[in-house]
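Listed here are the chains, written in short residue letters.
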Amino acid sequence: MRALAVLIAVSVGLVTLAGYFLPVQVPFLNLILSWALIMAGTATFIGVFNLISMHGLKITRREKGSGYSVFLILAVFSTFALGLSSSPTGVPLTFLFNAIILPTQTSLMAVLAITLLYSAIRLLRYRPTMMSIVFLISVIVILLGYVTLPFGDVPIISTWIRPWVMQVLAVGGARGLLLGIALGTLVTGLRVLFAVDRPYGGGNK
Amino acid sequence: MPVSLDFIGGVIGFAFTIMILSYLIGDNPLYRIASYTFVGVSAGYIATIAYWHVLLPKLILPFISGGSSERLLLGVPLLFSTLVLMKISPRLTRLASPAMAYLVGVGTALAIGGALSGTLVPQFFSLINAFDADIATARNANFLEELVEGGIILAGAISTLVYFHYGAKKHSEDGAVKRMGLIELLAWVGSIFIAITLGVIFAGVFSAAVTALIERVHVVLLFIFSLIGPV
C-alpha cells in the first residue's frame, strides 16, 4: 500500500506539473484536476463528519462545555437538511447565510478591531524592542495617512510619507517575504514530489 | 400582522451580532452559543455546496445518465472517493492513503506551479524592471528616482530573505553560536523592513475591522430604530 501511495503521488504530481509547461498535457491535466475536485468534495464530508463525531463524543462524555456542542450539531444537521431540500441559491440556505453567517462573520471582524487595538497597546507595553517600535510607527503613519479628519488630510503624511512607505519600504519587505514563501513552497513541494516527505501516510522519513 | 422572512432574518442577525459583540466584555455563554452555532451552520453550508456544486454535477449525475465511456472514466474518482471515506474508520484509514496520495500529488504540483508562475518569476521581473531605463522612459518616470526606489526595494527584499537565514558557526573563543557579522547586519536591516511591511498589513486589517465595526453598529441602530419608530 505504501509503495502504491508513493507511486500515485509522484506520477500524478509530475503529470500535473508537466501540464504547466507542456500544452499537449492540458486535457490530461484538466481530467486529473476534475478527479481531484471530486475527491476534495468527498474529503469535505470527512471533515464535517469528524467535526460532528468530536462534538458528539464531548456530549456523550458530558465534558465541560458540551452543551454548546449540541448547538453545533443541531446547526450542522439542520443547515445540511435545508440545503439538500432546496439548492444553494434557494430561500432556506440564502436565509441562513444572511441571518447567521454574514452577521456573525462581520461581527467577528468588528471584535477583531478592538482586539487588534488592545494587542498593539500591549505590544508597546510588554515588548518595546526596535522591531515593535518601527512596527507601531508604521501602523500610525499608515492610519494617519488614510484617515480623513474634519480639517482634511494630514499634510505631508497623507501626500508624501504614507505613499512612499507603502510603495517602496513595504514593497521591499513584502517582496522578500513573498520570495521566501515561494522558495519554501518550491523546496517542500519538490521534497514531496521526489518522495522524500510523504505526508499521505506512505511512511515519513 | 404577518411577519416577513426579512424581519425574522433581521431579528436573528441582530441577536447574533449582539451575542458576538458581547465578547468585548469577556468570554460568556452567549458568545459561545453564537460561535458554536456559526461553526455548525458554516460546516453544513460547506457540505451542501460540496454536494450541489461538486458531487452531484461531476460524479452522481454523470454516473447515472452518462455513457459507458464516461462511467468508465468516473470509475477512478468513484473508487478514490470511496477510499477517502475509509478515513472515517481508524481501522480502515490505511486504505485511504492512495486517495490521499493522489490529492497530495495534485496539490503539491499546483503549489509548485503557482509558486513559480505566480510569485517567483513575476517578483524577480519586478525587481529587475526597476533598473531598466527603457521601462522608466516608457512610463514617463524619472529614471534616477526609479533607480533609487528600485535599489531600496531590492535591499529590502534581500535583507528580508537574509533575516530568515539561520546558518551559524560556533565561535571557538566562547563556544557561542553566532551568525557572520555581515549576515547579522543585513538581518537587522531586514527586521526593519519586515516590521514596516507587517505594520502596513496590520493597518490595512485594522481599517477593514473598524469598517466592519461601524457597519455592525449601524445595522444594530437601524434595527432598534425600525422597532421603536423614527425618533
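Not measured: the values here are computed from a predicted model. (Residues numbered from 1 in each chain as written. Chains lettered and ligands numbered in written order. Predicted model: local features only at pLDDT ≥ 70, side-chain atom pairs only at ≥ 80, totals over all residues.)

Novice: Which parts of the structure should I look at to understand the overall build of chain B?
Specialist: The secondary structure content of chain B amounts to seven helices and two strands. Its helices and strands taken in sequence order, chain B reads α-α-α-α-α-α-β-β-α from the N to the C terminus. Computed over the C-alpha atoms, the radius of gyration of chain B is 28 Å, more than 25% above the 17 Å expected from 2.2 N^0.38 for a compact globule of 231 residues. Taking the principal axes of the C-alpha coordinates as reference, chain B spans close to 75 × 70 × 55 Å. Relative to its 231 residues, chain B shows a buried fraction of 30%. A separation threshold of at least 6 residues defines the contact pool for chain B, and within that pool the share at least 24 residues apart is 32%. (Helix = DSSP H or I, 4+ residues; strand = E, 2+ residues; numbered from the N terminus. Rg over C-alpha atoms; globule rule 2.2 N^0.38 Å. Buried ≥ 20, exposed ≤ 12 C-beta atoms within 10 Å, placed from the backbone. Contact = placed C-beta atoms within 7 Å.)

Novice: Sorry if this is basic, but what is going on with the environment of Leu198 of chain B here?
Specialist: For Leu198 of chain B, the position within the fold is in helix H7 (residues 181-228). In this structure the C-alpha to C-alpha distance between Leu198 of chain B and Phe124 of chain B, which are 74 residues apart in sequence, comes to 21 Å.

Novice: How do you make sense of the domain arrangement of chain A when you look at a structure like this?
Specialist: Accessible area lost upon the coming together of the parts is a frequently used measure of interface size. When its domains are assigned, chain A resolves into domain 1 (87-126) and domain 2 (133-191). Of note, the centres of domain 1 of chain A and domain 2 of chain A, computed from C-alpha atoms alone, are 24 Å apart. (Domains from an automatic or database assignment.)

Novice: Even after reading the chapter, I still don't get the interface of chain B and chain A, so can you show me in this structure?
Specialist: Listed as interface residues are 100 residues of chain B and, on the opposing side, 97 residues of chain A. If you list the elements that add at least two residues to the side of chain B that touches chain A, you get helix H1 (5-21), helix H2 (29-65), helix H3 (68-85), helix H4 (97-129), helix H6 (143-163) and H7 of chain B. The leading source of residues in the side of chain B that touches chain A is H2 of chain B, at 25 residues. Of the residues belonging to the side of chain B that touches chain A, the class tally is 69 nonpolar, 24 polar and seven charged. (Nonpolar A, V, L, I, M, F, W, Y, C, P; charged D, E, K, R; others polar.)

Novice: Is there a simple way to explain the environment of Pro199 of chain A in this structure?
Specialist: Residues and elements named next belong to chain A. For Pro199, the position within the fold is in the segment after helix H6 (157-193). Since 15 C-beta atoms lie within 10 Å of it, Pro199 is described here as partly exposed. Separated by 69 residues in sequence, Pro199 and Met130 place their C-alpha atoms 39 Å apart.

Novice: Would you mind showing me how to read the environment of Ser81 of chain B here?
Specialist: With respect to the helices and strands, Ser81 of chain B occurs in helix H3. Note: C-alpha distance between Ser81 of chain B and Ala99 of chain B (18 residues apart in sequence) is 7.3 Å. Those residues in contact with Ser81 of chain B, other than ones at most four positions away along the chain, are Ile38, Met39 and Thr42 of chain A.

Novice: When you look at H3 of chain B in this model, what are you seeing that I'm missing?
Specialist: What sets the pattern is the α-helix's 3.6 residues per turn: residues three or four places apart point alike. Spanning 18 residues, H3 of chain B covers 25 Å between terminal C-alpha atoms, matching the ideal 26 Å at 1.5 Å per step. The sharpest bend along H3 of chain B reaches about 35 degrees and sits at Gly75 of chain B, with the proline Pro77 of chain B one to four residues further on. Buried residues belonging to H3 of chain B abut helix H2 (26-60) of chain A together with H2 and H4 of chain B. (Expected span 1.5 Å × (residues − 1). Bend = angle between axes of the 7 residues up to and from the residue.)

Novice: Please clarify how H6 of chain B should be interpreted in this entry.
Specialist: Helix length check: H6 of chain B, at 21 residues, gives a terminal C-alpha distance of 30 Å against a target of 30 Å (1.5 Å per residue), a fit within 8%. Of the positions making up H6 of chain B, those classed as buried are Gly150, Ile153, Gly156, Ala157, Ser159, Thr160, Val162 and Tyr163 of chain B. Along its buried surface, H6 of chain B packs onto H6 of chain A together with H4 and H7 of chain B.

Novice: Help me understand the packing of helix H5 (residues 130-146) of chain A against H6 of chain A in this model?
Specialist: Helix packing for two helices is described by the angle between their axes and how far apart those axes are. Residue and element names in this part refer to chain A. Direction vectors running N to C along H5 and H6 enclose 130 degrees, while the axes themselves pass 9 Å from each other. Classified by the interaxial angle, the pair formed by H5 and H6 is oblique. Remark: the crossing between H5 and H6 carries left-handed chirality. Contacts between H5 and H6 involve Ser138, Val141, Ile142, Leu144 and Gly145 from the first element and Ile157, Ser158, Ile161, Arg162, Val165 and Met166 from the second. Taken together, the residues of the contact of H5 with H6 sort by class into seven nonpolar, three polar and one charged. (Axes fitted to C-alpha atoms, helices over the stretch in contact; angles between N-to-C directions. Parallel < 35°, antiparallel > 145°, perpendicular 65-115°, else oblique. Left-handed = near helix turned anticlockwise from the far one by under 90°.)

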